[in-house]
Amino acid sequence: MGNTDHRHLPLFETKTPKTRIHFQLYALLILVCIFFIFIYRLRYIPARSEEAGRRWAWVGLFVSEIWFCFYWFLTAVIRGNPIYRYTFKDRLSLRYESCLPGIDIFVCTTDPTIEPPVMVINTVLSVMAFDYPPEKLNVYLSDDGGSDLTFYAMLEASRFSKIWLPFCKKFKVEPRSPDAYFRSAKPPVLQEDDPVMAKDVWSSVKKSYEDMKQRIETTTKLGRISEEIRKEHRGFREWNLVASQRDHQTILQVLLDGKDPKAVDIEGQPLPTLVYLAREKRPQHHHNFKAGAMNALIRVSKRISNSPIILNVDCDMYSSNSESVRDAVCFFMDEERGDEVGFVQFPQTFENLTKNDAYSSSLNIGRMVEFPGFDGDGGPCYIGTGCFHRRESLCGQKYSKERKTDWERWNKIKVEESTSSLENACKVLASCTCENNTQWGKEKGLKYGYPVEDVITGLAIQCRGWRSIYFNPEKKGFLGLAPTTLLQSLVQHKRWSGGDFQIFVSRYCPFVHGYKKIPLKLQLSYSLYLLWAANCLPTLYYVTVPSLFMLRGISLFPEVSNPWVLPFALVIFVHRAYSLGEFVWCGGTFQGWWNDQRMWLFKRTSSYFFGFFDSILKLLGHTKSAFAITAKVAEDDVLQRYEQEVMEFGTSSPMFTILATLALLNAFCFIGGLKRLIMDMKTWVSDPFSLQILLCALLILINLPVYQGLFLRKDSGRMPSSVTTQAVMFALLACALALC
Ligand SMILES: O=c1ccn([C@@H]2O[C@H](COP(=O)(O)OP(=O)(O)O[C@H]3O[C@H](CO)[C@@H](O)[C@H](O)[C@H]3O)[C@@H](O)[C@H]2O)c(=O)[nH]1
Ligand SMILES: [Mn+2]
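Residues numbered from 1 in each chain as written. Chains lettered and ligands numbered in written order. Predicted model: local features only at pLDDT ≥ 70, side-chain atom pairs only at ≥ 80, totals over all residues.

- The protein chain is annotated in an unreviewed UniProt entry as Cellulose synthase-like protein E6 of Carya illinoinensis.
- Its UniProt record gives the protein chain the following Function (unreviewed entry) comment, quoted word for word: "Thought to be a Golgi-localized beta-glycan synthase that polymerize the backbones of noncellulosic polysaccharides (hemicelluloses) of plant cell wall."
- Under the UniProt heading Sequence similarities (unreviewed entry), the note attached to the protein chain is "Belongs to the glycosyltransferase 2 family. Plant cellulose synthase-like E subfamily." (UniProt positions renumbered as here; feature names shortened; annotations may be inferred.)

Now the structure itself:
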């Protein structure tokens, strides 16, 4: 097979950056400062006899500082050893073009109102159009909404693909989501030998797309399928039996059958297989959210196409690089290292970010700093979308050195059954009862019972001996939608932080479950995310107690003239300066960094706080996991404010009450502190409260948009008055308690 000269050349390479003196210097400086802060805290610990409360407030601060120090250590571990991956796709095609493995692609959707069918099929079309032999691609849509609107859109997509795929190849279209492409692309000027023809083709495809979009949107708005459309496909009859979204039989329709010689595009080329699946749902059976959907897809696809590699994307994550499959295959097929690869994770990137990213959704630090570090420490975690899995590792197999994947054999396995008999067999595989007394959701497939099914599943795969790979190509692989309101973002982080923390306190805790199975460094890297939620308590302590104690007249930090102030000042300065440098290096702006600091505070005091308590309650057996789906659409005025980077409050939520209370509390304390400063006539340097008042001032600066939302704004995105009243009351109460 192939050219023997090339055989020893790897299909991918790994690069480690050379000395990273700035990082080492930074880490050393911080360590020294921490050391001195701890000495200070121990040496000057107030005696029992001192003013009431000073001692415990001091100890509390000390404990919080110990936590921050530990958590900082985790951030340093993940930064210690980053690696970067590069692929050689030309070598792959030279050696293996004729025997590339099949790929099963899973797209998950749940709700046609917050995940519009047009968006879903754009994702579907983008992955159907990968630059890869079409007969080796099989696209499965899991519709947890069981919606005929989505099914209708899929039917339209299956027809449109017959012109879209040849068009993509001919015009080398990028990205291959029609919506994203036509939004930005200009008609070709001089492309082919015949520019007029090319332009005509281009315009007619664009028109076809727009007509289709129009039809789908009209139907979606209408909310039901008209009689004429109903007649177009027998699949619609299935909905006669559907009682509700939560109560229906399995609906499975093979919309394009790759094995059917008649399933060809307008140029006679084969098409990928396209399958619509709405697994059975019954009120008495728990459906296990996305994990349940994925597991149904794994079983169904095994029967229909049984590809050795599975790609999964969320319905909003379209492919923006048609070569991503080839990139991923380079890792799996590499002769030297490929056999140990369990999954290849691409980063989550977003197309709807604004310049200064008001809600800090870009995840840039994760994408460019933390994940390369994760990879260096033993392999990134699985983040639920943009991930290529080896079917075997996802289905629970252990890695063993002796096993070599025989790609030829995989290609020879052919499913002979007819499509109609397959459809029936597969319906059983997607039923509610087929998982009873099996390992599905435990050792097989994605794990159940955790709101972040992805992270725990990836961890389990790594603990079974597989390696994971992080691949962040220059040209982004997948683009999705980030939340567009503050509440959406906070709720998403509540699910993530709470879900991650549940993993930490479960028997899958990386230090326990991963003991001797994955490197210690990887266990620590996981903890960086799994312990997000635990940051809430020390942070809440740090943003309330020093301010309240200043109001009370009790100092907790050294005064500015005291040399002990140095380690505090340095640690704050160096730590933040490094963070700013890193942020800008990752492509952010200064304002973006400032917004990121705000979101850091907001997430820790609200999302993580609720996530933390949810996990504790769950541990005590009081609540069941839920999965709040992130909306992918928003009202016009909300969207406008998002684009203008004006913070969106608008609805009342306990999260907002916390944020507003903290903002007001610090404002009140600041006024009190200022008054004391003026009345005492102390100079700034000898005032024992200067650090506390500075901290308070900083919090006020960070919270400026909250005050605006509370008192100054008039638009519908302002803070609701019920939240304002509650927050004023709580903040006053806290201050009164501090004063008495
Ligand atoms: O019952 C459900 C719930 C969700 N989904 C799908 O899961 C995906 C992710 O949901 P979304 O609301 O967009 O969540 P995000 O917070 O954006 O998702 C991130 O976090 C999740 C874990 O919390 C991962 O599953 C996702 O892949 C990851 O992108 C979407 O395609 C949904 O349609 C289902 O199929 N069934
Ligand atoms: Mn999402």
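## Regarding the overall build of the protein chain
Move 1: On a plain count of helices and strands, the protein chain comes out with 26 helices and 13 strands.
Move 2: Radius of gyration (C-alpha) of the protein chain: 28 Å, near the 27 Å computed for a compact globule of 740 residues.
Move 3: Once the C-alpha set of the protein chain is aligned to its principal axes, its extents read approximately 90 × 60 × 60 Å.
Move 4: Across the 740 residues of the protein chain, 47% fall into the buried class.
Move 5: For the protein chain, restricting intrachain contacts to residue pairs at least 6 apart in sequence, the fraction spanning at least 24 positions comes to 85%. (Helix = DSSP H or I, 4+ residues; strand = E, 2+ residues; numbered from the N terminus. Rg over C-alpha atoms; globule rule 2.2 N^0.38 Å. Buried ≥ 20, exposed ≤ 12 C-beta atoms within 10 Å, placed from the backbone. Contact = placed C-beta atoms within 7 Å.)

## Notes on the UniProt feature "binding site: Mn(2+)" (unreviewed entry) in the protein chain
Move 1: Taking the UniProt record as the reference, the feature "binding site: Mn(2+)" (unreviewed entry) is found at Lys290 and Asp314. In terms of the greatest pairwise C-alpha distance, the residues named above, spread along 25 residues, form a tight cluster of at most 9.7 Å across.
Move 2: With respect to the helices and strands, the residue lysine 290 is situated in helix H9 (residues 289–304).
Move 3: Along the chain, aspartate 314 turns up in strand E7 (residues 309–314).
Move 4: Here aspartate 314 falls in the buried class, since 24 other C-beta atoms lie within 10 Å of it.
Move 5: If sequence neighbours within four positions are ignored, aspartate 314 has contacts with Cys108, Gly384, Thr385 and Gly480.

## Side note on the site of ligand 1
Move 1: Around ligand 1, 23 residues are found, and the nearest of them are Cys108, Phe289, Asp314, Gly384 and Thr630.
Move 2: Secondary-structure elements contributing two or more residues to the shell around ligand 1 are strand E3 (103–109), H9 and helix H16 (486–504).
Move 3: Classifying every residue of the shell around ligand 1 by side-chain character gives nine nonpolar, eight polar and six charged. (Near = placed C-beta within 6 Å. Nonpolar A, V, L, I, M, F, W, Y, C, P; charged D, E, K, R; others polar.)

## Observations regarding the domain arrangement of the protein chain
Move 1: By domain assignment, the protein chain separates into domain 1 (21–45 + 53–80 + 521–629 + 636–739) and domain 2 (87–482).
Move 2: On a C-alpha basis, the centres of domain 1 and domain 2 stand 40 Å from each other.
Move 3: Every element with two or more residues in the side of domain 1 that touches domain 2 is listed here: helix H2 (54–79), helix H18 (520–530), helix H20 (565–585), helix H21 (590–619) and helix H22 (636–643).
Move 4: Sort the elements by how many residues they give to the side of domain 1 that touches domain 2 and H21 lands first, with five residues.
Move 5: For the side of domain 1 that touches domain 2, the class distribution of residues is 10 nonpolar, nine polar and six charged. (Domains from an automatic or database assignment.)

## Digging into the UniProt feature "binding site: UDP-alpha-D-glucose" (unreviewed entry) in the protein chain
Move 1: Under the UniProt annotation, the feature "binding site: UDP-alpha-D-glucose" (unreviewed entry) is placed at Glu115 and Asp144. Spanning 30 residues, the named residues nonetheless gather at one spot, since no C-alpha pair among them exceeds 11.2 Å.
Move 2: The residues contacting glutamate 115, other than those within four sequence positions of it, are Thr109, Thr110, Val120, Cys315, Asp316 and Lys632.
Move 3: Checked against the element boundaries, aspartate 144 lands in the loop between strand E4 (137–143) and helix H5 (148–171).
Move 4: What makes aspartate 144 buried here is the crowd of 25 C-beta atoms within 10 Å.

## Regarding the pairing of strand E9 (residues 341–345)
Move 1: Judged by how many residues are buried, E9 sits mostly within the fold: five of five residues are covered.
Move 2: Looking at chain direction, E9 and strand E11 (residues 387–390) are connected through three bridges and run antiparallel. In the strand pairing of E11, valine 344 is matched with phenylalanine 388. (Pairing = 2+ DSSP bridges.)

## Points about the sheet that holds E4
Move 1: Taken in spatial order, the eight strands make up an open sheet running E5-E6-E4-E3-E7-E11-E9-E12, and their pairing is mixed. At either end of the open sheet lies a strand with only one pairing partner, and these are strand E5 (251–256) and strand E12 (467–470). For this sheet, the mean inter-axis angle between neighbouring strands, taken without regard to orientation, is 20°.
Move 2: Pairing analysis gives five bridges linking E5 to strand E6 (residues 273–278), with the strands arranged antiparallel. (Axes fitted to C-alpha atoms, helices over the stretch in contact; angles between N-to-C directions.)

## Remarks on the packing of helix H1 (residues 21–43) against H2
Move 1: Axis separation between H1 and H2 bottoms out at 11 Å; the angle between their running directions is 165°. Comparing their axes, H2 and H1 come out roughly antiparallel. Of the two elements, H1 crosses H2, and the hand of that crossing is left-handed. For the pair H1 and H2, the contacting residues are Phe23, Ala27, Ile30, Ile34, Ile37 and Arg41 in the first and Phe62, Glu65, Cys69, Trp72, Ala76 and Arg79 in the second. (Parallel < 35°, antiparallel > 145°, perpendicular 65-115°, else oblique. Left-handed = near helix turned anticlockwise from the far one by under 90°.)

## Examining the nonpolar core
Move 1: Residues Val107, Val124, Met154, Leu277, Val300 and Ala660 are the most contacted members of the largest nonpolar core, which totals 176 residues.
Move 2: Aside from chain neighbours lying at most four places away, what touches valine 107 is Thr123, Val124, Val127, Val139, Leu141, Val313 and Cys315.
Move 3: With five residues, the next largest nonpolar core counts Ile30, Cys33, Ile37 and Tyr40 among its residues. (Core = buried A, V, L, I, M, F, W, Y, C linked by C-beta atoms within 7 Å.)

## Notes on the packing of helix H4 (residues 117–128) against H5
Move 1: Remark: H4 packs on H5, axes separated minimally by 9 Å, with the N-to-C direction vectors making an angle of 35°. The crossing of H4 and H5 is right-handed. Counting all contacts with H4, which are made through Pro117, Val118, Val120, Ile121, Val124, Leu125 and Met128, the residues of H5 involved are Leu149, Thr150, Ala153, Met154, Glu156, Ala157, Phe160, Ser161, Trp164 and Leu165.
Move 2: A breakdown of the residues in the contact of H4 with H5 according to their chemical character gives 14 nonpolar, two polar and one charged.

## Considerations on the sheet that holds strand E10 (residues 349–350)
Move 1: Here we have three strands laid out as an open sheet, ordered E8-E13-E10, and mixed in their pairing. Looking at strand neighbours, the two that pair on one side only are strand E8 (318–319) and E10, the edges of this open sheet.
Move 2: Relative to strand E13 (residues 478–480), E8 is paired through two bridges, and the arrangement is antiparallel. When the sheet's bridge partners are listed, tyrosine 318 is paired in E13 with leucine 479.

## Some remarks on the pairing of E12
Move 1: Neither face of E12 is open: one carries Arg467 and Ile469, the other Ser468 and Tyr470, and all of them are buried.
Move 2: Strand direction decides the pairing type here: E9 and E12, joined by four bridges, are parallel. Pairing of glutamine 345 across the sheet is with tyrosine 470, part of E12.

## Digging into helix H26 (residues 721–739)
Move 1: Relative to the 27 Å expected for 19 residues at 1.5 Å per residue, H26 spans 27 Å between its end C-alpha atoms, a close match to the ideal helical length.
Move 2: Looking only at H26, the buried set comprises Val723, Thr724, Ala727, Ala731, Ala734, Cys735 and Ala738. What you see down the axis of H26 is that its buried residues fit within an arc of 105°, all on one side. When the buried face of H26 is taken as reference, the exposed residues oriented beyond 90 degrees from it are Ser721, Ser722, Thr725, Leu733, Ala736 and Leu737.
Move 3: Elements in contact with the buried residues of H26: helix H19 (536–552), helix H23 (654–680) and helix H25 (704–712). (Expected span 1.5 Å × (residues − 1). Arc of directions from axis to C-beta.)

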